[in-house]
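# Architecture at a glance
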Amino acid sequence: MIDYPVRGRVTRPADFFRRASNRAAVCLAVIVAAAAWSGPAAAARWSLGANYGFAVLHPDHQHNTTAFAWPGTAVGFQPGMRLGVTGGTRTSEGYLDLGVLFLDGDDVSRRDLQASLHYQRNLAPESPTTLYFTAGGGIVHRAEDTALSSAGATSATFGGGVGVRNEVSNGFGSLRVEARVDRIEEGRSGGQVLIPRAFVYALKVGFDLWLFDDDD
């Protein structure tokens, strides 16, 4: 809750989206190229998935916050949508995680947004069930508006995890369970902390739909 006007520079949503989109496009191109390339004959496969899970937000100097989302949202800074790509060998995988939360009331409104890019290494890609490791980073954005003031802040996040993925429906889908830890840096608007520096401990369950097979 914001109790006083903020004199610092307010981040406009349009400016934030424009800068975030440009940075994300460059990073996504690099990750897609790295994940999809595995030799001249490799064919990229794209996936669209959702995240569900349990997360504990542990700020450095505040009380913990526990979030359970089905599906995931930006609450607890755990994104709910995943867009992935992998090469023909399925050893390397890159994916973009997205989360959005909008709250609007009579006296206050709030927006939480997250976008992060990750690399995933599958240890046994030829097997229906494989252990994997993943790491990546991105940005989080929070904006709050009241009758007296508006404020917005953007900060960085990075982290990694370990999980198990199991293919279903003859390889056209996959289920995954992942334990991960992420670090969120502090985000300020003027002298006010909108995004506290924190660790996020999460257990994520997800489903991915492979949009086409290797031979398509």
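Residues numbered from 1 in each chain as written. Predicted model: local features only at pLDDT ≥ 70, side-chain atom pairs only at ≥ 80, totals over all residues. Heavy atoms only, no water.

### Description of the overall build of the protein chain
- Broken down by element type, the protein chain carries 1 helix and 11 strands.
- Listing each helix as α and each strand as β along the protein chain from the N terminus yields α-β-β-β-β-β-β-β-β-β-β-β.
- For the protein chain, the residues scored as buried account for 44% of the 216 residues in total.
- In the protein chain, 62% of the contacts between residues at least 6 apart in sequence involve partners at least 24 apart.
- For the protein chain, the accessible area works out to roughly 11100 Å², and carbon and sulfur atoms hold 62% of it. (Helix = DSSP H or I, 4+ residues; strand = E, 2+ residues; numbered from the N terminus. Buried < 20%, exposed > 50% of the residue type's maximum accessible area, 1.4 Å probe, protein only. Contact = heavy atoms within 4.5 Å. Areas by Shrake-Rupley, 256 points an atom, 1.4 Å probe, with all protein chains shown as cover.)

### Here's the deal with the confidence of the model for the protein chain
- Considering every residue of the protein chain, the mean pLDDT works out to 79; 75% of them sit at 70 or more.
- Mean pLDDT across the secondary structure elements of the protein chain bottoms out at helix H1 (residues 13-36), with 51, and peaks at strand E8 (residues 173-184), with 94.
- Note that residues 1-14 has pLDDT below 50 and, in this model, 26 contacts with residues that lie over four places away or in other chains. (pLDDT = per-residue confidence, 0-100.)

### Details of the nonpolar core
- Grouped together as the largest cluster of nonpolar side chains are 11 residues: Ala55, Leu57, Val140, Ala151, Ala153, Ile184, Leu194, Ile195, Ala198, Val200 and Ala202.
- Elements represented by at least two residues in this core include exactly strand E1 (45-59), strand E7 (150-168), strand E10 (192-195) and strand E11 (198-210). (Core = buried A, V, L, I, M, F, W, Y, C linked by side-chain atoms within 4.5 Å.)

### A few points about a nonpolar patch on the surface
- Judged by side-chain polarity, Leu48, Met81, Leu83, Leu98, Leu175, Phe207, Leu209 and Leu211 come together as a nonpolar surface patch covering roughly 650 Å² of accessible area.
- The set of elements that each furnish at least two residues to the nonpolar patch consists of strand E3 (81-86) and E11.
- By secondary structure assignment, the location of Leu209 is in strand E11. (Patch = residues over 30% accessible without salt bridge, like charges linked within 9 Å, V, L, I, M, F, W, Y side chains within 5 Å. Salt bridge = Lys/Arg side-chain N within 4 Å of Asp/Glu carboxyl O.)

### Side note on empty space enclosed by the protein
- By the definition in use, this model includes 2 cavities of 30 Å³ or more.
- The computed volume of the second largest cavity comes to approximately 70 Å³.
- Considering the residues around the second largest cavity, the lining is formed by 16 residues, among which Gln114, Ser116, His118, Arg180 and Asp182 are closest to the centre.
- Of all the secondary-structure elements, those providing two or more residues to the lining of the second largest cavity are strand E5 (108-122), strand E6 (129-146), E7 and E8.
- Taken together, the residues of the lining of the second largest cavity sort by class into 3 nonpolar, 9 polar and 4 charged. (1 Å grid on protein atoms, 1.4 Å probe; cavity = no way out; pocket = protein on both sides within 12 Å on 5 of 7 lines; lining within 4 Å. Points joined across faces, edges and corners; volume = space filled by probe spheres on them. Nonpolar A, V, L, I, M, F, W, Y, C, P; charged D, E, K, R; others polar.)

### Focus on the pairing of strand E4 (residues 92-104)
- Sheet topology places E3 next to E4; 6 bridges connect them, and they run antiparallel. Pairing of Thr86 across the sheet is with Glu93, part of E4.
- Counting the residues in the hairpin turn of E3 and E4 gives 5 residues, including Arg90, whose phi is positive at 65°.
- Relative to E5, E4 runs antiparallel, the two sharing 13 bridges. Considered in E5, the bridge of Gly99 is made with Gln114.
- The hairpin formed by E4 and E5 contains 3 residues between the paired strands. (Pairing = 2+ DSSP bridges.)

### So, the pattern of salt bridges
- Counted by the stated rule, this structure contains 14 salt bridges.
- In this structure, the salt-bridge partner of Arg110 is Asp112, at a minimum N-O distance of 2.6 Å.
- Exposure remark for Asp112: the relative accessible area of 1% places this residue in the buried category.
- For Asp112, the salt bridge goes to Arg142, with nearest N and O atoms at 2.8 Å. With Asp112 in strand E5 and Arg142 in strand E6, the pair connects residues that are 30 residues apart, well separated along the chain. Grouping residues by exposure puts Asp112 and Arg142 together as buried.
- Among the ionic contacts, a cluster of salt bridges with common partners joins Arg82, Glu93, Arg165, Arg176 and Asp208.

### With respect to the pairing of E3
- Examined bridge by bridge, E1 and E3 share 6 bridges and lie antiparallel to one another. Residue pairing in the sheet places Arg45 in a bridge with Thr86 of E3.

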